[in-house]
Amino acid sequence: MKLRNFNRLSALLIAVALISFGCSKKKSLEVEFVMQWGGSGSKPGKFSEPIGVALDAQGNVYVADAGNNRIQKFTSDGKFVAEWGRAGSAKGEFDRPMHLAVGADGFIYVPEYGNDRVQVFNSDGKFQFMIGKSGKGDGEFDAPAGLNFDSNGKIVLADFYNHRIQIFTMGGEFQHKFGGEGHEFGQLYYPTDIAVDGQGNILVADAYNHRIQIFSASGEPLNSFGKKGTEPGQFDVANALVTDHQNRIFVVDFYNNRIQIFDKGGEFLYQLGSAGKADGQFEHPTDIAISEEGEIYVADFGNNRIQKFRLNKK
């Protein structure tokens, strides 16, 4: 457990049948609240600080239940299916699982903040293999926070305290890295999550630079948008993101308690949510996943729940 980094971790983590948010000169967007599930606790279907959410090809929902050091699996309508994991450092055990992801192989890739590694499981929770160890060298991690897969099927990982992105084969072999600590274009300051758009570009949640940076598949910086603030297009810790089939970018804005939506160039389009406990409101959201059908799942960290929405274009 990285007690020396506890304050930084805390910062990282610390109606409505129909809701219409935001506006655009080009189009408008309706976001329908569908349901929510969870609540505080350790029993199946309950959560303690849910940090990550991901979907598989069958529509199952996987949640990194960080405070309970486990992964929970649900149907798309929130019905509990299975769970695995407990606190520890052995295979199948966790020390704060983070922004998990599902690969094309159907395996569940789980980065761990405390154990400095990625564990890989099948959809039933059976351990497959492990990637990484503590350190600053190639293939080593200091609090891996989030990952995704590039257009070539390789693993792209946000190495939080090392302020860099590392790329691996699906088998876990190190390929290359980019980034480095700083605030200039192409540098990173506590990156937390990864998305990949339809052109194969790598999008990074550059959390404490309060921006999104876009890189080529080889790590060349291409674009950046956002700064600290509360206005549309500004962030107060941009800690997770995802793209949809239209290459729109959905960004989890942690301390502003909202999801912001941008076009592929970073132009602000819409806002979803506000601070609170009601349906459609958030208390420090931490992750987001979107299905091909436009169903949105948000890990509502402070409210210990998953909220589900549906996108409906007018």
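Notes on the structure follow.

**Examining the environment of Phe 47**
And step 1. Structurally, the position occupied by Phe 47 is in the loop between β1 (29-38) and β2 (50-55).
And step 2. On the accessibility criterion, Phe 47 (0% relative accessible area) is buried.
And step 3. For the pair Phe 47 and Ala 195, spaced 148 residues apart in the sequence, the C-alpha separation amounts to 25 Å.

**Observations concerning the sheet that holds strand β19 (residues 249-253)**
And step 1. Across the sheet, four strands lie side by side as β18-β19-β20-β21; this open sheet has antiparallel pairing. The sheet terminates laterally at β18 (238-243) and β21 (268-272), the two strands that pair on one side only. Neighbour-to-neighbour, the strand axes of this sheet turn through a mean angle of 25°, independent of strand direction.

**Points about the side chain of Thr 286**
And step 1. Relative to the assigned elements, Thr 286 resides in strand β22 (residues 285-290).
And step 2. On the basis of relative accessible area, Thr 286 is assigned to the buried category, the value being 0%.

**Description of the layout of surface pockets**
It is a probe the size of a water molecule, rolled over the atoms, that shows where empty space is left.
And step 1. Roughly 1,200 Å³ of volume is contained in the largest pocket.
And step 2. In terms of lining residues, the largest pocket is bounded by 47 residues, among which Leu 55, Val 242, Thr 243, Ile 290 and Glu 292 are the most central.
And step 3. Contributing elements (two or more residues each) for the lining of the largest pocket: β2, β6 (101-102), β10 (144-149), β14 (191-196), β18, β22, β23 (295-300) and β24 (305-313).
And step 4. Here the lining of the largest pocket is built from residues that sort into 22 nonpolar, 14 polar and eleven charged.

**Considerations on the pairing of strand β15 (residues 202-206)**
And step 1. Among the five residues of β15, five are classified as buried, and the element is accordingly described as predominantly covered.
And step 2. By the alternation rule, side chains of β15 split into Ile 202, Val 204 and Asp 206 and Leu 203 and Ala 205, which are all buried.
And step 3. Joining the antiparallel neighbours β14 and β15 is a turn of five residues, in which Gly 200 adopts a positive phi near 85°.
And step 4. Across five bridges, β15 lies against strand β16 (residues 211-215) in antiparallel orientation.

**As for the environment of Asp 77**
And step 1. Tracing the chain through its elements places Asp 77 in the loop between β4 (70-74) and β5 (80-84).
And step 2. Looking at Asp 77, the relative accessible area reads 47%, which means it is partly exposed.
And step 3. A sequence separation of 17 residues divides Asp 77 from Asn 60, and the C-alpha atoms of the two residues are 8.9 Å apart.
And step 4. Other than its neighbours up to four places away in sequence, Asp 77 contacts Met 35 and Trp 37.
And step 5. A polar side-chain atom of Asp 77 sits 2.3 Å from a polar atom in the side chain of Thr 75.

**A word on the sheet that holds strand β3 (residues 61-65)**
And step 1. Read across the open sheet, the four strands follow the order β2-β3-β4-β5; overall the sheet is antiparallel. On the outer flanks of this sheet lie β2 and β5, each paired with one strand and no other. Geometrically, the sheet is characterised by an average inter-axis angle of 20° between neighbouring strands, direction not taken into account.
And step 2. Two elements, β4 and β5, share four bridges in a ladder whose sense is antiparallel.

**Things to note about the nonpolar core**
For soluble globular proteins, nonpolar side chains are generally found buried alongside one another.
And step 1. If you look at the biggest cluster of nonpolar residues, it comprises 19 residues, and the most contacted ones within it are Phe 250, Ile 259, Ile 288, Ile 296, Val 298 and Phe 309.
And step 2. Counting only elements with at least two residues in this core, the list comes to β1, β18, β19, β20 (258-262), β21, β22, β23 and β24.
And step 3. The contact partners of Ile 259, leaving out residues within four places of it in the chain, are Phe 250, Val 251, Val 252, Tyr 270, Gln 271, Leu 272, Phe 282, Ile 288 and Val 298.
And step 4. Membership of the second largest hydrophobic core comes to 15 residues, among which are Ala 66, Met 98, Tyr 113 and Tyr 189.

Parameters at a glance
- Counting of residues starts from 1 at the beginning of each chain's written sequence and follows it residue by residue.
- Only residues with pLDDT of 70 or above have their local features reported here, since the model is predicted, and side-chain atom pairs are shown and tallied only from 80 upward, although totals for entire chains, interfaces and linings are computed over all residues.
- To obtain the side-chain values, all non-hydrogen atoms of the structure were included, while hydrogens and water were left out.
- Every helix listed is a DSSP run of H or I at least four residues long, and every strand listed is a run of E at least two residues long, numbered separately from the N terminus.
- Burial classes follow relative accessibility: with a 1.4 Å probe on protein chains only, a residue under 20% of its type's maximum area counts as buried, one over 50% as exposed, and anything between as partly exposed.
- A pair of strands counts as paired when DSSP detects no fewer than two bridges linking them.
- Each axis is a line fitted through C-alpha atoms, taken for helices only over the stretch in contact, and angles between the N-to-C directions span 0 to 180 degrees.
- Using only the protein atoms, space was sampled on a 1 Å grid; points where a 1.4 Å probe fits but cannot get out form cavities, open sets with protein on both sides within 12 Å along at least five of seven lines form pockets, and lining residues are those with an atom within 4 Å of a point.
- Grid points are joined across faces, edges and corners, and a volume is the space filled by probe spheres set on the points.
- Polar here means any residue outside two lists: the nonpolar Ala, Val, Leu, Ile, Met, Phe, Trp, Tyr, Cys and Pro, and the charged Asp, Glu, Lys and Arg; Gly therefore counts as polar.
- By the convention used here, residues are in contact when the closest approach between their heavy atoms is within 4.5 Å.
- Pairs of N or O atoms within 3.5 Å make up the polar contacts considered here, provided that, within protein, one atom can donate a hydrogen while the other can accept it, and that residues adjacent in sequence are counted only when both atoms are side-chain atoms.
- Think of a nonpolar core as a cluster: buried Ala, Val, Leu, Ile, Met, Phe, Trp, Tyr and Cys residues, connected wherever their side-chain atoms sit within 4.5 Å.

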